[in-house]
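Topology and contacts: notes
Letter by letter, the chains look like this.
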Amino acid sequence: MNFEVKVKEDWVLFSISDRLDSFSHDDFTQAMEKALSDGKRCVALDLGRTRFLSMPTIKYVSNIAERLSHNGGRFALLRTPEKLKRQIQIFASLKPMLVFRSQEDWEKYSTI
């Protein structure tokens with residue numbers, strides 16, 4: 001698996017290493033859907049070690065962010081490389097997402 005899932009208080013943190021491509025997309029979406037079906041309404045993606053997100057993954061993440069924001073939840077991106085941030089802006093939207101430069105900034109926010 002190219003990602004690790006941790007529950008941290010009200011949040012579910014997905015730490016993605018290297019890439020989420022067509023080979024790992026289904027595993028990622030299943031883990032995300034399980035977290036959401038377990039009642040989690042706050043999701044964060046740590047992209048600090050991520051080199052590549054496939055187009056279906058970008059669109060899926062954007063849809064999840066929209067879904068959460070419409071239902072009172074929150075979606076955050078942590079340590080997102082500029083290249084990935086631009087790809088998300090081009091192919092989806094950062095609008096429903098909170099963006100944090102560091103995990104420390106997110107941790108301060110998530111404990112408010």
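The structure we're discussing is the one just above.
Residues numbered from 1 in each chain as written. Predicted model: local features only at pLDDT ≥ 70, side-chain atom pairs only at ≥ 80, totals over all residues. Heavy atoms only, no water.

Although it is not a glycine, Glu9 sits at a positive phi angle of roughly 55°. Mapped onto the elements of the fold, Glu9 is located in the loop between strand E1 (3-8) and strand E2 (11-20). When its relative accessible area of 55% is taken as the criterion, Glu9 is described as exposed. Residue Arg79 is not a glycine yet carries a positive backbone phi of 50°. Turning to its location among the elements, Arg79 is positioned in the loop between strand E4 (74-78) and helix H3 (82-91). (Helix = DSSP H or I, 4+ residues; strand = E, 2+ residues; numbered from the N terminus. Buried < 20%, exposed > 50% of the residue type's maximum accessible area, 1.4 Å probe, protein only.)

Relative to the elements of secondary structure, Asp46 occurs in strand E3 (residues 42-53). Here Gly48 takes part through its backbone nitrogen, which lies 3.0 Å from a polar atom of the side chain of Asp46. The residues touching Asp46, leaving out its near neighbours within four places in the chain, are Leu13, Phe14, Ser15, Ile16, Leu78, Arg79 and Gln103. (Polar contact = N/O pair within 3.5 Å; in protein donor to acceptor, adjacent residues only side chain to side chain. Contact = heavy atoms within 4.5 Å.)

Before going further, it helps to spend a moment on helix H2 (residues 55-70). Every α-helical turn comprises 3.6 residues, leaving residues that sit three or four positions apart pointing alike. With 16 residues, H2 extends 23 Å between its outermost C-alpha atoms, agreeing within 8% with the 22 Å of an ideal straight helix rising 1.5 Å per residue. Of all the residues in H2, the buried ones are Thr57, Ile58, Tyr60, Val61, Ser62, Ile64, Ala65 and Leu68. For H2, the elements touching its buried residues are E2, helix H1 (25-37), E3, E4 and H3. Count one or two residues on from H2 and you reach Gly72, which has phi positive near 80°. (Expected span 1.5 Å × (residues − 1).)

What follows concerns the environment of Arg86. When you line up the elements, Arg86 lands in helix H3. In this structure the C-alpha to C-alpha distance between Arg86 and Val5, which are 81 residues apart in sequence, comes to 25 Å.

The strand order E1-E2-E3-E4-E5 describes an open sheet built from five strands, whose pairing is mixed. Of all the strands in the sheet, the pair left with one neighbour each is E1 and strand E5 (98-100). Going across the sheet, the axis of each strand differs from the next one's by a mean of 20°, ignoring polarity. Taken together, the three bridges between E4 and E5 define a ladder with parallel strand orientation. Directly across from Leu78, in E5, lies its bridge partner Phe100. (Pairing = 2+ DSSP bridges. Axes fitted to C-alpha atoms, helices over the stretch in contact; angles between N-to-C directions.)

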